[in-house]
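Below are the chains, spelled out letter by letter.
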Amino acid sequence: MRENIKDRIFLSPPHMGGNELKYIKDAFEENYIAPVGENLNKFEEAIKNYTGAKYALAVVSGTSAIHLALRILGIKDGDEVLASTFTFIGSINAILYEKAIPFFIDSDYESWNLDPNLLYQELSGRKKSDKKMPKALILTHIYGQSADIENITNICNEFGVYLIEDSAESLGATFNKKQSGTFGKAGIYSFNGNKIITTSGGGVLVSDDETLIKEAKFLSTQAKENHLHYEHKTYGYNYRMSNIVAGIGRGQMEILSDRIKRKREIFNLYKNYLNNEVEFMPELENSIGNRWLSAILFKDGALIDRVIKALERENIESRPLWKPMHLQPLFKDAKSLVNGVSEDLFGRGLCLPSGTSMSDDDVKMISEIINSNF
Ligand SMILES: Cc1ncc(COP(=O)(O)O)c(C=O)c1O
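Residues numbered from 1 in each chain as written. Predicted model: local features only at pLDDT ≥ 70, side-chain atom pairs only at ≥ 80, totals over all residues. Heavy atoms only, no water.

*Asks:* How do you make sense of the sheet that holds strand 15 (residues 349-352) when you look at a structure like this?
*Replies:* Pairing between the strands of a sheet is mediated by backbone hydrogen bonds and can be parallel or antiparallel. Spatially, four strands are ordered 10-12-15-13 in an open sheet, and the strand pairing comes out antiparallel. Looking at which strands have only one partner, the edges of the open sheet turn out to be strand 10 (279-280) and strand 13 (319-320). Inspection of the sheet shows strand 12 (residues 294-297) paired to strand 15 by four bridges, in the antiparallel sense. Of the residues in strand 15, the one forming a bridge with Ser294 is Leu352. (Pairing = 2+ DSSP bridges. Helix = DSSP H or I, 4+ residues; strand = E, 2+ residues; numbered from the N terminus.)

*Asks:* Can you help me understand the pattern of salt bridges in this one?
*Replies:* Pairing between side chains of opposite charge can happen when their charged atoms approach one another. Scanning the entire structure with this criterion turns up 19 salt bridges. Note that Glu44 and Arg240 form a salt bridge whose closest N and O atoms lie 2.7 Å from each other. With Glu44 in helix 2 (residues 38-51) and Arg240 in the loop between helix 7 (210-220) and helix 8 (243-253), this residue pair connects regions lying 196 residues apart in the sequence. Comparing Glu44 with Arg240 shows no difference in burial state: the two are buried. Note that Lys48 is salt-bridged to Glu45, the shortest N-O span being 3.1 Å. (Salt bridge = Lys/Arg side-chain N within 4 Å of Asp/Glu carboxyl O. Buried < 20%, exposed > 50% of the residue type's maximum accessible area, 1.4 Å probe, protein only.)

*Asks:* When you look at the site of the ligand in this model, what are you seeing that I'm missing?
*Replies:* In the vicinity of the ligand, 15 residues are found, and the nearest of them are Gly62, Thr63, Asp166, Glu169 and Ser190. Take Gly62: an N or O atom from its main chain is 2.7 Å from an oxygen atom of the ligand. Note that an oxygen atom of the ligand is positioned 2.6 Å from one of the side-chain N or O atoms of Glu169. Classifying every residue of the shell around the ligand gives two nonpolar, 10 polar and three charged. (Near = heavy atom within 4 Å. Polar contact = N/O pair within 3.5 Å; in protein donor to acceptor, adjacent residues only side chain to side chain. Nonpolar A, V, L, I, M, F, W, Y, C, P; charged D, E, K, R; others polar.)

*Asks:* Explain the domain arrangement of the protein chain here, please?
*Replies:* On domain assignment, one finds that the protein chain holds domain 1 (20-253) and domain 2 (256-371). Each of domain 1 and domain 2 was reduced to a C-alpha centroid, and the two centroids are 24 Å apart. At the junction of the two partners, domain 1 supplies 45 residues and domain 2 supplies 42 residues. Put simply, domain 1 and domain 2 have zero salt bridges between them. The tally of links between domain 1 and domain 2 comes to 23 residue pairs in polar contact (both at pLDDT 80 or more). Secondary-structure elements contributing two or more residues to the side of domain 1 that touches domain 2 are strand 3 (101-105), helix 5 (116-128), strand 6 (174-175) and helix 8. Top element by residues in the side of domain 1 that touches domain 2 is strand 3. It accounts for four residues. Of the residues in the side of domain 1 that touches domain 2, the class split is 22 nonpolar, 15 polar and eight charged. (Domains from an automatic or database assignment. Contact = heavy atoms within 4.5 Å.)

Right under this line is the structure:
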């Protein structure tokens, strides 16, 4: 029995590669225990090399990266920002920081991500009736699986809406061989403790727009003008990642491909072992997800509670899928365009343990517990 915390099987715990401590030690030896230094430079280089993004900025969280993007794109009080409803609140909070107004768009069953048809319907409808257009779309690639991103990018371009990709969960996922996070005006990745790779907490903003990343760096370091004394013409934030934390990221980037490979193996093992009444999160044609979390649907939503409790008795973590934003009390007055898909997913879906250090036998044992509850 796994009775204590050390034995607990978590959804997606950190899994170090080996060089992280060395890079942290290097920073100590150089006394670069600061938000500047070699680890930061190397971590940002690694992100650029891996994703193909031209510019990257490491910051304290994925949320702060989204906030910087919105601020730099000029989103302000009263502006509308479209967003995936089937997401985590971290996608949305920054809209509120800027006093802008979120408008939620539902998912489709093909991807579980934002439905491009609904997006087109909303934007073309507004244009026809000469209504105010939204300034931006924050599009989430949920659970590491790519949205229908080429279509969505084209729609945003057609209607002049900035696309910000929330790739917090989808580092390494591709669509037509192009990395998630690199389709829009800006993209973000999260390195929170539960992500496919982690810096314990952190985020990266990427863009092909050099000015955007330069401005983001300026704002992330308290908007200090280039003087010896402290001169400020606008307000900024203390959002820059530390060189210590970046050392973890530098080590983790070295093993990202291995982690994706293992996440995908775990997903396939569940597919082999689980009762064939279970439905699995799809993968769009031409896309390869990172399978950050293996996510399943039951035919009968009542199974969720039963399975969560059965797994919990064995000290195994599992979670319902994200509760859509338009159902959150915080957004009871927010506008949305919904089709029932995300509500259905939330009502029938479960995230399974997907840690890359789990053994094949662990996956088998978890599957047997689930199967015994049908
Ligand atoms: C979809 C999504 N968006 C945004 C975030 C926010 O990232 P962070 O926790 O690094 O602020 C997360 C994860 O935490 C997430 O899963």
